[in-house]
Amino acid sequence: MSEPIDLLIHPRWTVTVEPAGAALEDHAVAVRDGRIVAVVPMDEARIRFQPGKIVELPQHVLIPGLVNLHAHAAMNLMRGIADDLPLMRWLQEAIWPTESRHVSASFVRDGTLLAAAEMLRGGITTCNDMYFYPGAAAEAFAEAGMRAVVGIVVLDFPTPWASDADDYLRKGLHARDRFANHPLLSFSVAPHAPYTVSDAAFERVRALADELETGIHIHVHETEAEIRESLTTHGVRPLARLARLGVLGESTIGVHAVHLSDMDVELLDRHGCSVAHCPTSNMKLGSGIAPLTRLLEAGVRVGLGTDGAASNNRVDLFQEMRHAALLAKVSTLDAAAVPAHRALAMATIEGARALGLDALIGSITPGKQADLCAVDLGGLLTQPCFDPVSHLVYSAGREHVTHVWVNGEPRVNKGVPLLHIHDKELLRIASLWHTKLAN
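Residues numbered from 1 in each chain as written. Predicted model: local features only at pLDDT ≥ 70, side-chain atom pairs only at ≥ 80, totals over all residues. Heavy atoms only, no water.

### So, the overall build of the protein
Phase 1: Looking only at helices and strands, one finds 16 helices and 17 strands in the protein.
Phase 2: In terms of overall size, the protein behaves like a compact globule, its C-alpha atoms giving a radius of gyration of 21 Å where 439 residues would be expected to give roughly 22 Å.
Phase 3: Counting only C-alpha atoms, the protein reaches 70 × 45 × 40 Å along its principal axes.
Phase 4: The 439 residues of the protein split such that 59% are buried.
Phase 5: Surface accessibility of the protein: about 17,000 Å² in total, with carbon and sulfur atoms responsible for 53%.
Phase 6: Counting 38 positive and 51 negative side-chain charges, the protein places the averaged centre of each group 3 Å from the other. (Helix = DSSP H or I, 4+ residues; strand = E, 2+ residues; numbered from the N terminus. Rg over C-alpha atoms; globule rule 2.2 N^0.38 Å. Buried < 20%, exposed > 50% of the residue type's maximum accessible area, 1.4 Å probe, protein only. Areas by Shrake-Rupley, 256 points an atom, 1.4 Å probe, with all protein chains shown as cover. Lys, Arg positive; Asp, Glu negative; His and termini not counted. Charge placed at Lys NZ, Arg CZ, Asp CG, Glu CD.)

So this is what it looks like as C-alpha cells:
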C-alpha cells in the first residue's frame, strides 16, 4: 500500500543544505500536514507515496526557504526616501523626522504587507523583524502567511508608539500575548542599539528575555562613531558594555557587527552570540565591511539580513548572498573565502539556528516544516549549469524564484503570488503612502 501525502515536489536538483554540499539529482520531497516526510529518489517516491498533488520542476533547484535575519519590514514605505547619506545623518536628518510625522499602526501594517509580498516572491519565508507597533507588523505577517519573529523595540526616547523603555516593553508584551498561539509567529526583545538604550533599560530587557526565554535582537558596532561614543560615555566598547550588563548570550543576535576588534570577536564567540550580516546596507550607508571570515573562523554563527528597504533598497537575500561572498573574498584577497555553499547556509540554516528555529526550518530534512523555495535555472541567463549552488549565489536572482511554500502551503506558484491581498491593492497602498510622505 502506498502512503498518502499532500504534496510531492520533483525538482531537477534538491539542495538540502544539511548535510553540507549535497545537491541531489532526480529526488523528490514528500510533504504531509505541512511537514517534510521524506527526501528520496523519484523512482522510490513513485512506489512509496500517493500524493494529492505532484509539482514537476524539471529545470529547477529546490532549496529551503530563505531566512532574513534582520529587517525593518515597514520601512518598505520609505524605500529611496534618503539615499547617499552616512548612518547618523540618514537617521537624524531623514528617517527619525519622517517616522515622527508618519509612523502609526496603519503605516506599519501596510509597510509590512508590502515587505512580506516582496520577500515571499524572492524566496524568503522567515523574517526577523524590528520596528514599532509590533502588533500591526504581526497582523501583516499573519495575513501574508509568512513566518516571522517580531521584535519588541526598546528605546529610551519617545516615538509615536511609546514614551519610554517601560512603555515600549508593556505595549510589546500586549502584542505578544495577542499572537501567543499563532503557528507562524513568535516574538523577541529588540533594544535598538547601545547608543539609544540606557543601562537600566538593558537590565529590564535582559530580565524580560530571561523570563520569556526569548531572543534579544540589537544593532551593534555598526559604525566607528558608535564605538567612539561608547568609549567616551561608558569607558568601554559597546559589546564589552553589553557583556557587563548580561545582554550577550546564545539567544542574542548582534546586527551589522562591522567594526570588531579581536576582543570583540572573542566576546561574541565566548557568549555564543549570533551575527546578522547585512552587507548591502553596510555598503550603501558607507559603514564598512564586516570581518565575516574572522567571525566564521572564530566559530561565531552568522546569518544574512537585508536591513530595511530605506537603507538597501531591496529586500532580497539572493543579493545578500552574492554580496556577502564577494565582499569576503575582496576584503581578504582570498578567492576561496565564503564559498557558495557557505553563503547559502548563512541564508538558511544559520539564520534558523540564530533564531532558535533550526528544529523547524532551515534545511530540507524529514520532520521539519515544509518552508521551501524553487528556483528556475533553465533559462538562457542561467545556462549552462555545472553547479546549481554556484548559480544560486553568483548567477540567479530573486526573479528566478517560481514556487514558494510556507508550512507546505503555496505562497508563490509559477511566479504568481498566492496572497490574500491582490497586487492592485498593494500598489494602491504604496501610492497612498507615497503621497503622504512626499507632502
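Next, the rest of the story.
### Side note on the environment of M283
Phase 1: Among the secondary structure elements, M283 is positioned in helix α10 (residues 279-284).
Phase 2: Those residues in contact with M283, other than ones at most four positions away along the chain, are H323 and L327. (Contact = heavy atoms within 4.5 Å.)

### Quick word on helix α3 (residues 105-121)
Phase 1: The terminal C-alpha atoms of α3 lie 24 Å apart, and with 17 residues this matches the ideal 24 Å at 1.5 Å per residue to within 8%.
Phase 2: Taking burial as the measure, the 17 residues of α3 include 13 buried ones, the bulk of the element.
Phase 3: Of the residues one or two after α3, G123 is the one with positive phi, at around 85°. (Expected span 1.5 Å × (residues − 1).)

### Quick look at the environment of H391
Phase 1: Along the chain, the position of H391 falls in helix α15 (residues 388-394).
Phase 2: Taking C-alpha positions, H391 is 7.9 Å from L377, a pair spaced 14 residues apart along the chain.

### Observations concerning the pattern of salt bridges
Phase 1: Enumeration over the complete set of coordinates arrives at 25 salt bridges.
Phase 2: R178 serves as the salt-bridge partner of E139, at 2.7 Å between the closest nitrogen and oxygen. Of this pair, E139 sits in helix α4 (residues 134-144) while R178 sits in helix α5 (residues 165-178); the two residues are 39 residues apart in sequence, bridging distant segments of the chain.
Phase 3: The partly exposed category is assigned to E139, whose relative accessible area is 29%.
Phase 4: A salt bridge links R353 to E350; the nearest nitrogen and oxygen atoms lie 2.9 Å apart. One end of the pair is R353 and the other is E350, both in helix α14 (residues 349-354) and 3 residues apart, which spans about a single turn.
Phase 5: Look at R353 and you get partly exposed, because its relative accessible area is 29%.
Phase 6: Salt bridges linked by common partners bring R79, E118, R314, D316 and R398 together as one network. (Salt bridge = Lys/Arg side-chain N within 4 Å of Asp/Glu carboxyl O.)

### Comments concerning the packing of α3 against helix α16 (residues 423-438)
Geometrically, a packed helix pair is captured by the angle between its two axes and the distance between the axes.
Phase 1: Contact geometry of α3 with α16 gives a least axis separation of 10 Å together with a crossing angle of 130°. The angle between α3 and α16 falls in the class oblique. You can see that α3 and α16 cross each other, and the crossing is left-handed. Counting all contacts with α3, which are made through S106, F107, D110, L113, L114, A117 and R121, the residues of α16 involved are D423, L426, I429, A430, W433 and L437. (Axes fitted to C-alpha atoms, helices over the stretch in contact; angles between N-to-C directions. Parallel < 35°, antiparallel > 145°, perpendicular 65-115°, else oblique. Left-handed = near helix turned anticlockwise from the far one by under 90°.)

### Quick look at the packing of α5 against helix α6 (residues 199-212)
Phase 1: Contact pair α5 / α6: the axes reach a minimum separation of 10 Å and the direction vectors enclose 20°. Here α5 is positioned roughly parallel relative to α6, judged by the angle of their axes. For the element pair α5 and α6, the recorded crossing hand is right-handed. When α5 is examined against α6, the residues A165, D166, L169, L173 and R176 are found in contact with a partner set consisting of A201, R204, L208 and L212.

### Focus on the side chain of Q319
Phase 1: Tracing the backbone through its elements, the reader meets Q319 in helix α12 (residues 317-332).
Phase 2: Setting aside its immediate chain neighbours within four residues, Q319 contacts T280, N312 and R314.

### Things to note about unusual backbone geometry
Phase 1: For the bond running from E18 to P19, omega is 0°, close enough to zero to count as cis.
Phase 2: Mapped onto the fold, P19 is located in the loop between β1 (3-14) and β2 (24-25).
Phase 3: The step from N312 to N313 runs through a cis peptide bond, and the omega angle for that step is 10°.
Phase 4: Of note, N313 is situated in the loop between β13 (301-304) and α12.
Phase 5: Despite not being glycine, A257 has its phi angle at roughly 45°, a positive value.
Phase 6: Topologically, A257 is positioned in the loop between β11 (252-256) and α9 (262-270).
Phase 7: Here L333, not a glycine, exhibits a phi torsion of approximately 55°, which is positive.

### Focus on the nonpolar core
Phase 1: By size, the foremost hydrophobic cluster in this structure holds 124 residues, and its most contacted members are W90, F107, F141 and V375.
Phase 2: Of all the elements, α3 adds the most residues to this core, at 9 residues.
Phase 3: W90 has contacts with M75, A82, L85, I95, L285, A310 and S311, leaving out every residue within four places of it along the chain.
Phase 4: Membership of the second largest hydrophobic core comes to 13 residues, among which are V55, L57, I364 and A370. (Core = buried A, V, L, I, M, F, W, Y, C linked by side-chain atoms within 4.5 Å.)

That's the geometry; what it means functionally is another story.
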